[in-house]
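# Coordinate inspection notes
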Amino acid sequence: MADDGRKNRTNWRTDTQLAHAGLDPMSFHGFVNPPVVRASTVLHKTVESMLARGEHRYPYGLMNTPTIEALTTALTSIEGKETAGTVLVPSGLASVTIGIMAAVRPQTKVLFPDNVYFPSRRFGDEVVSMFGAEAVYYDPLSNDDIRAKMKGASVAVVEAPGSLTFEMPDIAVIVAAAEEEGAVTVFDNTWATPLLYRPLEHGIDIAAYAGTKYFGGHSDLMIGSISANAATWPRLDRLHRVLGLQAGTEEIWLTLRGLKTMSVRLARHQQSAFKIAEWLKERPEVARVLCPGLPDDPGHSLWKRDFSGMSGLFAIVLKGSLEEAKRFINALELFGIGASWGGFESLVILAELEQSRSVRPWTEGPVIRLHIGLEDPADIIEDLERGFAAMAA
Ligand SMILES: *Cc1c(COP(=O)(O)O)cnc(C)c1O
């Protein structure tokens, strides 16, 4: 796809890629953005042409359109030089489950970190056995546990930092152990995006994303993407095709639009999140801020080694009861109470850790997860003060 006019210059830096990768204005009468191609049927001039459809760039609406191609090209560009290709799926959850399915083999283990995104864990509990494999959960903070459990694994799922509690595993240890075992690594990189961490450049095989979050950035779409290295790409591409998966064209187009501002949005999310995490650290009601970007976080050195920044999502452990945690959340006016994150707005949830940890049960206080949005941080802090006041009342 090098000389088709589509912009994908490998020498461009990431912010330039975000602005231009995947665009091909001269194929669309000079219009800057690609059209939202709504398509099932693709017509052919002759029957011979139709019989050769496998060789067509756009054989059928399910497989490829100029809209799909614009986004997959852009995502492959920002994922970096180890990336052989990218496919789109209807949700972030599907990016993880399809990534696993592309690699799982019968009579093996599929490893999940104990702090994995909970719906990914449900796939482990309910679906992995249908492939004749066994889901096994590892302690992301124990390299010994990781190495021991890797024996007999065909897939190792990695998430960093972990969902809800933000522990940082030693990714290099997991990659080395998986390589030795011949297991495929599937990395859920939703938190960092390729702007803050590029899994494939650290030896990971498959990178999975909830584009629903920072790619889209406006809380108005659901999409997932999966990028793979040369060793795993053929299997992933084939499975995606055989299962008949694709994202919706409107969502794809909106995601492409979201990418244009992702870098500036993330910079602001990071700046505000640092400010607010530091402020929360000094509050007497807060036992601990779960945020690897903070210098005294136990995961800070690993985060610093591997990641180039922080996004807007972290959590706090409250000193207090569950009832006080609920009072804190209910008193917030600016923060919306809701799942998903990565949009423009601040969000809060009470983490439910009882059913989602089996290796290392959570023993500290109530955990509140915060997404720091693009609002003025002074207003965000005032809102949190309201929460603390209600907790004490
Ligand atoms: C939200 C999320 C997902 C799932 O994304 P959806 O698009 O909501 O299905 C997967 N992994 C992580 C870490 C997430 O936060």
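Residues numbered from 1 in each chain as written. Predicted model: local features only at pLDDT ≥ 70, side-chain atom pairs only at ≥ 80, totals over all residues. Heavy atoms only, no water.

## Re the domain arrangement of the chain
Splitting the chain by domain gives domain 1 (14-259) and domain 2 (262-392). With centres defined by C-alpha atoms, the gap from domain 1 to domain 2 works out at 27 Å. When domain 1 packs against domain 2, close to 3,500 Å² is buried across both sides, 62% of that on carbon and sulfur atoms. Inspection of the domain 1/domain 2 interface yields two salt bridges. For the salt bridge of R305 with D170, the shortest nitrogen-to-oxygen distance reads 2.7 Å. Across the domain 1-domain 2 interface, the total number found is 23 residue pairs in polar contact (both at pLDDT 80 or more). Put simply, the parts of the chain that give the side of domain 1 that touches domain 2 at least two residues each are α1 (14-20), α5 (118-126), β3 (134-138), α6 (143-150), α7 (171-181), α8 (193-196) and α10 (249-281). (Domains from an automatic or database assignment. Buried area = accessible area lost by both parts, 1.4 Å probe. Salt bridge = Lys/Arg side-chain N within 4 Å of Asp/Glu carboxyl O. Polar contact = N/O pair within 3.5 Å; in protein donor to acceptor, adjacent residues only side chain to side chain. Helix = DSSP H or I, 4+ residues; strand = E, 2+ residues; numbered from the N terminus.)

## Section: the layout of surface pockets
In this structure, the second largest pocket occupies an estimated 690 Å³ of space. If you trace the second largest pocket, you find 34 residues lining it, with Y117, F118, P119, S163 and R369 closest to the centre. Breaking the lining of the second largest pocket down by element, the ones donating at least two residues are α4 (92-101), α5 and β11 (347-350). Per-element accounting of the lining of the second largest pocket gives the leading share, three residues, to α4. Residues that form the lining of the second largest pocket fall into these classes: 18 nonpolar, nine polar and seven charged. (1 Å grid on protein atoms, 1.4 Å probe; cavity = no way out; pocket = protein on both sides within 12 Å on 5 of 7 lines; lining within 4 Å. Points joined across faces, edges and corners; volume = space filled by probe spheres on them. Nonpolar A, V, L, I, M, F, W, Y, C, P; charged D, E, K, R; others polar.)

## Describing the site of the ligand
Taken together, 13 residues surround the ligand, and among them G92, L93, D188, T212 and K213 come closest. In this structure, D188 approaches the ligand through a side-chain N or O atom, which is 2.6 Å from a nitrogen atom. Between the ligand and the protein, one listed contact pairs an oxygen atom with a side-chain N or O atom of T212 at 2.5 Å. Out of a free accessible area of 380 Å², the ligand has 90% covered by protein chains. Here the ligand is seated within the second largest pocket. Here the shell around the ligand is composed, by residue class, of five nonpolar, five polar and three charged. (Near = heavy atom within 4 Å. Areas by Shrake-Rupley, 256 points an atom, 1.4 Å probe, with all protein chains shown as cover. Sits in = over half its atoms within 2 Å of the grid points.)

## Regarding the side chain of T249
Summarising the element assignment, T249 is placed in helix α10. Within the local environment of T249, its side chain forms a polar contact with the backbone oxygen of V37, the two atoms lying 3.0 Å apart. Look past the residues within four positions of T249 in its chain and what remains in contact with it is V36, V37, R38 and T67. (Contact = heavy atoms within 4.5 Å.)

## Digging into the nonpolar core
M150, L280 and F314 are the most contacted members of the largest nonpolar core, which totals 87 residues. Per element, the largest residue contribution to this core is nine residues, and it comes from α10. Residues from two domains meet in this core; each of domain 1 (14-259) and domain 2 (262-392) gives at least three. Not counting chain neighbours up to four residues away, the residues in contact with F314 comprise F166, A273, I276, A277, L280, V289, L290, C291, I368, R369, L370 and I372. Formed by 28 residues, the second largest nonpolar core is a distinct cluster that contains V87, V110, V128 and V186. (Core = buried A, V, L, I, M, F, W, Y, C linked by side-chain atoms within 4.5 Å. Buried < 20%, exposed > 50% of the residue type's maximum accessible area, 1.4 Å probe, protein only.)

## As for the pairing of β11
Sheet topology note: the strand β10 (residues 336-337)/β11 ladder contains two bridges and is parallel. Its bridge partner lying in β11, I337 is registered against V348. Here β11 runs beside strand β12 (residues 367-371); their pairing, made up of four bridges, is antiparallel. Note that in β12 the partner of V348 across the bridge is L370. (Pairing = 2+ DSSP bridges.)

## Focus on the sheet that holds strand β7 (residues 224-229)
The strand order across the open sheet formed by seven strands is β1-β7-β6-β5-β4-β2-β3, and the pairing between neighbours is mixed. Every other strand in the sheet has two partners, leaving β1 (83-89) and β3 as the edge strands with one partner each. Strand-to-strand twist across the sheet, computed as the mean angle between neighbouring axes with direction ignored, equals 20 degrees. Bridge analysis of β1 against β7 gives six bridges, and the strand direction is antiparallel. Bridge pairing in β7 places T83 opposite N229. (Axes fitted to C-alpha atoms, helices over the stretch in contact; angles between N-to-C directions.)

## What about the pattern of salt bridges?
Considering all chains together, one arrives at 16 salt bridges under this definition. The partner of R360 in a salt bridge is D139, and the shortest N-O contact between them spans 2.9 Å. Taken together, the residues R360 in the loop between β11 and β12 and D139 in the loop between β3 and α6 connect sequence positions 221 residues apart. Since its relative accessible area comes to 10%, D139 is described here as buried. A salt bridge links D145 to K149; the nearest nitrogen and oxygen atoms lie 3.0 Å apart. Placement of the pair is D145 and K149 together in helix α6, with a separation of four residues, close to one helical turn. Salt bridges sharing partners connect three or more residues here, namely D170, R305 and D306.

## Remarks on a negative patch on the surface
Taken together, D376, D379, E382 and E385 make up a surface patch of like negative charges. Mapped onto the elements, D376 comes out in the loop between β12 and α13 (377-392). Note on D376: relative accessible area 42%, which makes it partly exposed. (Patch = residues over 30% accessible without salt bridge, like charges linked within 9 Å, V, L, I, M, F, W, Y side chains within 5 Å. Lys, Arg positive; Asp, Glu negative; His and termini not counted. Charge placed at Lys NZ, Arg CZ, Asp CG, Glu CD.)

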